[in-house]
Amino acid sequence: MAISMRRTSTGSSWSDLTLVVVGLAVASAIELAILRTFTRTAIHIPALNALQEPYEVLSKGGRYAYFVAVALMLPAMAMLAHQSGRRGFAALLGVLLFAAVAAGAAAGVGGRLILDWATLTAIVVLAGGLAIQSPRRAAALPLASFGLAFAMSGAYSAAPDFAEAGANVEFPGWLLDGAEISGLAFALTAPLIASGRGDRAARWTGLAIGGLALLVFLGNGSTSRFLLLWNVGLSGILPGFLYAAAAGTLSYTVVALARSGRGLEAAGLGLLITGGIGLHSTYQSGLVVAGLAALWAGTLAAAQAGEGAEARAETPDAEPQQSPASFAATS
């Protein structure tokens, strides 16, 4: 009975964590689609004044999604730190470091220099630790590529922090090119995280999103690259079909993970997409930290499930117990 209750409690905690992280991923995706994409391109809509009321309603919906995402971020990080920290000290360290510096910045303690570099450290520790500890060795490539892209982009953009602190420090421009290539490498190799052939729905989703992205790049390349820079942190200096392929492979991987019962990892990858690469804001950095921690927790959940299956296979079948009624009848 005690074993059964413990298993039920463990399963419930994983379900609660998945629900919160999926909610955070969905809210951040809505915020990305409305606030960071639609409202920035609405100026190109003809006769926008005639659509002012629907525009305001949609904008309010985007702001509401943003507030929901911010409200879910704190409990999500607390739950992820609790679950991931059981077997992953690096995951616990990364989440707690970011939470501490973000809380300090909100309270006016510490400057921008501390916040930016502590954020970079937290994300590099999370991505690097996850790439090393992941039981799926092939997944190390996209995870390490993401960590490298974020580190190079963030380091370049954080250089002015030293100038504000009185130090003359400059970083070479090739860091941005390296971040661009590493970011694309992460997206194009993301299917390795799923570690298996996705079903038809995943493949069709990837083809549809990739084809749509290609049409957008071909139709208005300049606006597409501005949105890519603002939302994802990539400048779009490479041919547009590469970014379209990256959109397709990321979409494929999210759907493949979700449809294979790995919803926590699917939500984690979605948070990396909505968070972007580089130091955009504390909110987006928080999405990235939560996404990496969710991927870590997802691998932990899969490992625990595998250990549970092995334990059940090694345990001999229990002898059937006689009911009181049958015992009395045989007596």
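All figures in this text were calculated on a predicted structure; none of them were measured in a lab.

Within the chain, the secondary structure is distributed over 14 helices and 0 strands. Helices and strands appear in the chain in the N-to-C order α-α-α-α-α-α-α-α-α-α-α-α-α-α. Looking at the chain residue by residue over its 331 residues, the buried ones come to 41%. For the chain, the share of sequence-separated contacts (at least 6 apart) that also reach a separation of at least 24 residues comes to 77%. Accessible surface for the chain amounts to roughly 17,000 Å². Of this, 67% is attributable to carbon and sulfur atoms.

An α-helix turns once every 3.6 residues. As a result, residues three or four positions apart point the same way. With 22 residues, helix α4 (residues 112-133) ought to run about 32 Å at 1.5 Å a step, and its terminal C-alpha atoms sit 31 Å apart, in line with that. Listed as buried for α4 are Leu 115, Asp 116, Ala 118, Thr 119, Leu 120, Ala 122, Ile 123, Leu 126, Ala 127, Gly 129, Leu 130 and Ala 131.

A few words now on the nonpolar core. Within the largest apolar cluster, 66 residues are counted, with the highest numbers of intra-cluster contacts made by Val 21, Leu 80, Phe 146, Leu 272 and Leu 292. A per-element tally of this core places helix α13 (residues 282-314) first, with 12 residues. Excluding residues that lie within four positions of it along the chain, Leu 292 makes contacts with Ile 123, Leu 126, Ala 127, Leu 130, Phe 146 and Leu 272.

The next thing to look at is the confidence of the model for the chain. Model confidence for the chain is summarised by a mean pLDDT of 83, while 80% of its residues fall at 70 or above. Within the chain, no element has a lower average pLDDT than helix α14 (residues 324-330), which sits at 40, and none a higher one than helix α12 (residues 263-275), at 96. Between residues 318-331, whose pLDDT stays under 50, and residues either more than four places distant or in other chains, the model counts 2 contacts.

Attention shifts here to the side chain of Thr 253. Its place among the elements puts Thr 253 in helix α11 (residues 240-259). You can call Thr 253 buried: its relative accessible area is 0%. There is a polar contact of 2.7 Å between the side chain of Thr 253 and the backbone oxygen of Thr 249. Each residue touching Thr 253, except ones within four places of it in the same chain, is listed here: Ala 190, Pro 191, Ile 193, Ala 194 and Leu 269.

Our focus in this paragraph is a nonpolar patch on the surface. Together, Val 22, Val 26 and Ile 30 line one region of the surface with nonpolar side chains, adding up to about 210 Å² of accessible area. When you line up the elements, Ile 30 lands in helix α1 (residues 2-41). Take Ile 30: its relative accessible area is 38%, and that puts it in the partly exposed class.

Another aspect to go through is the packing of helix α9 (residues 200-219) against α11. One way to put it is that α9 packs onto α11 with a least axis distance of 7 Å and a crossing angle of 155 degrees. By the angle between their directions, the pair α9 and α11 is classed as roughly antiparallel. Between α9 and α11 lies a crossing whose hand is right-handed. On α11, the residues touching Ala 201, Ala 202, Arg 203, Thr 205, Gly 206, Ile 209, Gly 210, Ala 213, Leu 214 and Phe 217 of α9 are Gly 240, Phe 241, Tyr 243, Ala 244, Ala 247, Gly 248, Ser 251, Tyr 252, Val 255, Ala 256 and Arg 259. Along the lines of polarity and charge, the residues of the contact of α9 with α11 split into 13 nonpolar, 6 polar and 2 charged.

Another point: the packing of aromatic side chains. The full count for this structure, using the stated rule, is 6 aromatic pairs. Between Phe 146 and Phe 150, the aromatic rings sit 6.2 Å apart at their centres with planes inclined by 40 degrees, giving tilted as the arrangement. Of this pair, Phe 146 and Phe 150 both sit in helix α5 (residues 140-157), 4 residues apart, which is roughly one turn of the helix. By relative accessible area, Phe 150 is classed as buried at 0%. Three or more aromatic residues link up through ring pairs in this structure, and these residues are Tyr 66, Phe 67 and Tyr 283.

This brings us to the environment of Leu 292. Tracing the backbone shows Leu 292 in helix α13. Separated by 27 residues in the primary sequence, Leu 292 and Glu 265 place their C-alpha atoms 8.9 Å from one another.

What counts and what doesn't
Residues numbered from 1 in each chain as written. Predicted model: local features only at pLDDT ≥ 70, side-chain atom pairs only at ≥ 80, totals over all residues. Heavy atoms only, no water. Helix = DSSP H or I, 4+ residues; strand = E, 2+ residues; numbered from the N terminus. Buried < 20%, exposed > 50% of the residue type's maximum accessible area, 1.4 Å probe, protein only. Contact = heavy atoms within 4.5 Å. Areas by Shrake-Rupley, 256 points an atom, 1.4 Å probe, with all protein chains shown as cover. Expected span 1.5 Å × (residues − 1). Core = buried A, V, L, I, M, F, W, Y, C linked by side-chain atoms within 4.5 Å. pLDDT = per-residue confidence, 0-100. Polar contact = N/O pair within 3.5 Å; in protein donor to acceptor, adjacent residues only side chain to side chain. Patch = residues over 30% accessible without salt bridge, like charges linked within 9 Å, V, L, I, M, F, W, Y side chains within 5 Å. Salt bridge = Lys/Arg side-chain N within 4 Å of Asp/Glu carboxyl O. Axes fitted to C-alpha atoms, helices over the stretch in contact; angles between N-to-C directions. Parallel < 35°, antiparallel > 145°, perpendicular 65-115°, else oblique. Left-handed = near helix turned anticlockwise from the far one by under 90°. Nonpolar A, V, L, I, M, F, W, Y, C, P; charged D, E, K, R; others polar. Phe/Tyr/Trp six-rings, centres within 6.5 Å; stacked < 30°, edge-to-face > 60°.

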